[in-house]
Amino acid sequence: MEQKRTEIAHLGEFGLIERIKNSFSLANDSSHHGIGDDAAVINIGQENLLISTDMLIEGPHFDLSYVPLQHLGYKAVAVNVSDIAAMNGIPQQIVVSLGLSNRFSLEAVDALYEGIKAACKNYKVDLVGGDTTSSPTGLVISITVIGRSEKPKTVLRSGAKVNDIICVTGDLGAAFMGLQVLEREKQVFKSNPEMQPDLEKYEYIIGRQLKPEARMDIIFDLAEKNVVPTSMIDISDGLASELFHLAKNSNTGIKIFEEKVPVDTMTYETAIEFKIDPITAALNGGEDYELLFTINPSDFEKIKNHADIHFIGHMHDNPKQHVMISKQGTVVPLQAQGWKHF
Ligand code: ADP
Ligand code: MG
């Protein structure tokens, strides 16, 4: 009998994860929440333990011709911490696994760990272990982070209710536009190595691509103001894709307003220069690592004056209808593109 072969692209990344999730069940009482959120939630008594892991691979995730190793180390930690932030948790420890080819020198590994160390210091996490192995070609860096949160304060993707206000931190689309600039300058340099890359005027958006920050500051601000979001996720794949995750898990519909979506001036101008609609960069760009969350309307007063939290819309009762009201006032159906690795 001929073996059946199905391409993974047929399912996509989310379909594949869904398939794995559906073929396992949780047997231990302590496994409170498994596959399907930014981190797993483990019941360890008084508090919840949070665990998340992220792998970065040379090629699909980064290009060492323009990514400094220090920044890569920093980013690898930051993206993990961001998943703990998305659970309203506090990161505590990381373990770091490396796959190295003989292209990498001791100095290169030192540079990578300098970045890891800077991030550990900034986010107050301890490096407590890992694994080191050889890799046939590129660099692989996989980090697992452990965090904790008080039980009633752990936030899942699934708690949003109808009329909850949709909030987003910082600004969106910058990391994606930064990547476009880096890719363009790489091509220019390849065709003419004499040309000095013109990066200075794009400093902010390039920084957003190379050295993103996890928004732990927002987690502390929310705690101080006694606000527990009803649902939360970090924006790694683009606003639209993450909105779909919150809506699907919470069984709600989305309504956002284009004019409320925060886009930095440099992101806006660079998008125009690249003939990309700025809102497309914000909706589908990815790698911003900002937080997207919902709050009960009764909490609005407490955070309405926060300089870095933006209120972009609300949840409604039709889980099949996800829309954006454009600046012209037209109703645009939202589409979740996200990243397609396969
Ligand atoms: P994030 O973008 O927040 O890092 P992902 O989209 O990578 O989240 O993962 C979504 C969920 O699927 C998480 O709960 C993650 O632990 C789980 N997951 C991803 N890949 C696998 C896998 N190969 N096996 C089991 N669970 C997975
Ligand atoms: Mg996440």
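Treat the numbers as computed from the prediction; the structure is a model and nothing was measured.

## Details of the domain arrangement of the protein
For the protein, the assigned domains are domain 1 (8–153) and domain 2 (165–333). Each partner contributes residues to the interface: domain 1 has 29 residues there, and domain 2 has 26 residues. Across the domain 1/domain 2 interface, buried area totals approximately 2,200 Å², and carbon plus sulfur atoms make up 59% of it. Contact with domain 2 buries surface across domain 1, with Tyr 66, Lys 75 and Asn 88 losing the most and accounting together for 27% of the total. Inspection of the domain 1/domain 2 interface yields two salt bridges. Lys 75 is paired through a salt bridge with Glu 287; the nearest N and O atoms lie 3.0 Å apart. Contributions of two or more residues to the side of domain 1 that touches domain 2 are made by α1 (12–22), α2 (69–85), β4 (90–100) and α3 (106–123). With nine residues, α2 is the single largest residue contributor to the side of domain 1 that touches domain 2.

## Re the nonpolar core
Ranked by size, the top nonpolar core spans 65 residues in total, and within it Ile 94, Tyr 123, Ile 141 and Phe 293 carry the most contacts. The element best represented in this core is α2, accounting for nine residues. Both domains that furnish three or more residues to this core are identified here as domain 1 (8–153) and domain 2 (165–333). Residues within four places of Ile 94 in sequence aside, it is in contact with Val 77, Ile 116, Cys 120, Val 125, Asp 126, Leu 127, Val 128, Gly 129, Ile 143, Thr 144 and Val 145. By size, the runner-up hydrophobic cluster in this structure holds 22 residues, among which are Val 168, Leu 243, Leu 246 and Ile 312.

## A short note on the coordination of the magnesium ion (ligand 2)
Taken together, Asp 38 (OD), Asp 83 (OD) and Asp 234 (OD) make up the protein donors of the magnesium ion (ligand 2), found 2.0 to 2.1 Å from the metal. Written as a sequence motif, the donor arrangement for the magnesium ion (ligand 2) is D-x44-D-x150-D. Placement of the pair is Asp 38 in the loop between β1 (31–33) and β2 (40–43) and Asp 83 in helix α2, with a sequence separation of 45 residues. When sorted by exposure, Asp 38 lands in the same class as Asp 83, which is buried.

## A few points about the packing of helix α4 (residues 174–191) against helix α5 (residues 203–210)
Interhelical geometry of α4 versus α5 gives an angle of 100° and a closest axis separation of 7 Å. Compared by their axis directions, α4 and α5 come out roughly perpendicular. In this structure, α4 contributes Ala 174, Ala 175, Phe 176, Met 177, Gly 178, Leu 179, Val 181 and Leu 182 to the contact, and α5 contributes Tyr 204, Ile 205, Ile 206, Arg 208, Gln 209 and Leu 210. A per-class count over the contact of α4 with α5 returns 11 nonpolar, two polar and one charged.

## A short note on the site of ligand 1
For ligand 1, the full set of nearby residues is Ile 17, Ile 20, Ile 35, Gly 36, Asp 37, Asp 38, Asp 54, Asp 83, Arg 157 and Ser 236. Take Gly 36: an N or O atom from its main chain is 2.8 Å from an oxygen atom of ligand 1. In this structure, an oxygen atom belonging to ligand 1 sits 3.3 Å away from a side-chain N or O atom of Arg 157. Calculation on ligand 1 without its partners gives an accessible area of 560 Å², and the protein chains cover 63% of this total.

## Focus on the sheet that holds strand β11 (residues 309–316)
With mixed pairing, seven strands are arranged side by side in an open sheet as β8-β10-β7-β11-β9-β12-β13. Whereas interior strands pair on both sides, the edge strands pair on one side only; in this sheet they are β8 (231–234) and β13 (331–333). On average, each strand axis in the sheet is tilted by 25° relative to the strand beside it, whichever way the strands run. With four bridges connecting them, strand β9 (residues 253–257) and β11 associate as antiparallel partners. Counted as the bridge partner of Ile 254 is Met 315 from β11.

## Some remarks on the packing of α2 against α3
In the contact formed by α2 and α3, the axes pass within 6 Å of each other and the chain directions differ by 40°. Viewed along their axes, α2 and α3 adopt a mutual orientation that is oblique. In the crossing of α2 with α3, the sense of the turn from one axis to the other is right-handed. Facing Leu 69, Gln 70, Leu 72, Gly 73, Tyr 74, Val 77, Ala 78 and Val 81 of α2, the residues of α3 in contact are Ala 108, Ala 111, Leu 112, Glu 114, Gly 115, Ile 116, Ala 118, Ala 119, Asn 122 and Tyr 123. Here the residues of the contact of α2 with α3 are counted per class, giving 13 nonpolar, four polar and one charged.

## Let's talk about α4
Helix length check: α4 (18 residues) gives 26 Å between terminal C-alpha atoms against 26 Å at 1.5 Å per residue, within 8%. Residues Ala 174, Ala 175, Phe 176, Met 177, Gly 178, Leu 179, Val 181, Leu 182 and Glu 185 constitute the buried set of α4. Looking at the buried residues of α4, the elements they touch are α5, α8 (265–273) and α9 (278–284).

## Let's talk about the pairing of strand β12 (residues 322–325)
On β12, burial covers both faces: His 322 and Met 324 on one face and Val 323 and Ile 325 on the other are all buried. Pairing between β9 and β12: four bridges, direction parallel. What sits directly across from Ile 254, in β12, is His 322. Here β12 folds back onto β13 in antiparallel fashion, the turn holding five residues, of which Gly 329 has a positive phi close to 95°.

## Examining helix α7 (residues 239–250)
Along its 12 residues, α7 runs 16 Å from first to last C-alpha, staying within 8% of the 16 Å computed at 1.5 Å per residue. In terms of residue burial, α7 counts as a mostly covered element, since nine of its 12 residues are buried. Looking only at α7, the buried set comprises Leu 239, Ala 240, Ser 241, Glu 242, Leu 243, His 245, Leu 246, Ala 247 and Ser 250. Phi turns positive, to about 60°, at Asn 251, one or two residues after α7.

Cut-offs applied
Residues numbered from 1 in each chain as written. Chains lettered and ligands numbered in written order. Predicted model: local features only at pLDDT ≥ 70, side-chain atom pairs only at ≥ 80, totals over all residues. Heavy atoms only, no water. Domains from an automatic or database assignment. Contact = heavy atoms within 4.5 Å. Buried area = accessible area lost by both parts, 1.4 Å probe. Salt bridge = Lys/Arg side-chain N within 4 Å of Asp/Glu carboxyl O. Helix = DSSP H or I, 4+ residues; strand = E, 2+ residues; numbered from the N terminus. Core = buried A, V, L, I, M, F, W, Y, C linked by side-chain atoms within 4.5 Å. Buried < 20%, exposed > 50% of the residue type's maximum accessible area, 1.4 Å probe, protein only. Donors = N, O, S within 2.8 Å, 3.2 Å for Na, K, Ca; no water. Axes fitted to C-alpha atoms, helices over the stretch in contact; angles between N-to-C directions. Parallel < 35°, antiparallel > 145°, perpendicular 65-115°, else oblique. Nonpolar A, V, L, I, M, F, W, Y, C, P; charged D, E, K, R; others polar. Near = heavy atom within 4 Å. Polar contact = N/O pair within 3.5 Å; in protein donor to acceptor, adjacent residues only side chain to side chain. Areas by Shrake-Rupley, 256 points an atom, 1.4 Å probe, with all protein chains shown as cover. Pairing = 2+ DSSP bridges. Left-handed = near helix turned anticlockwise from the far one by under 90°. Expected span 1.5 Å × (residues − 1).

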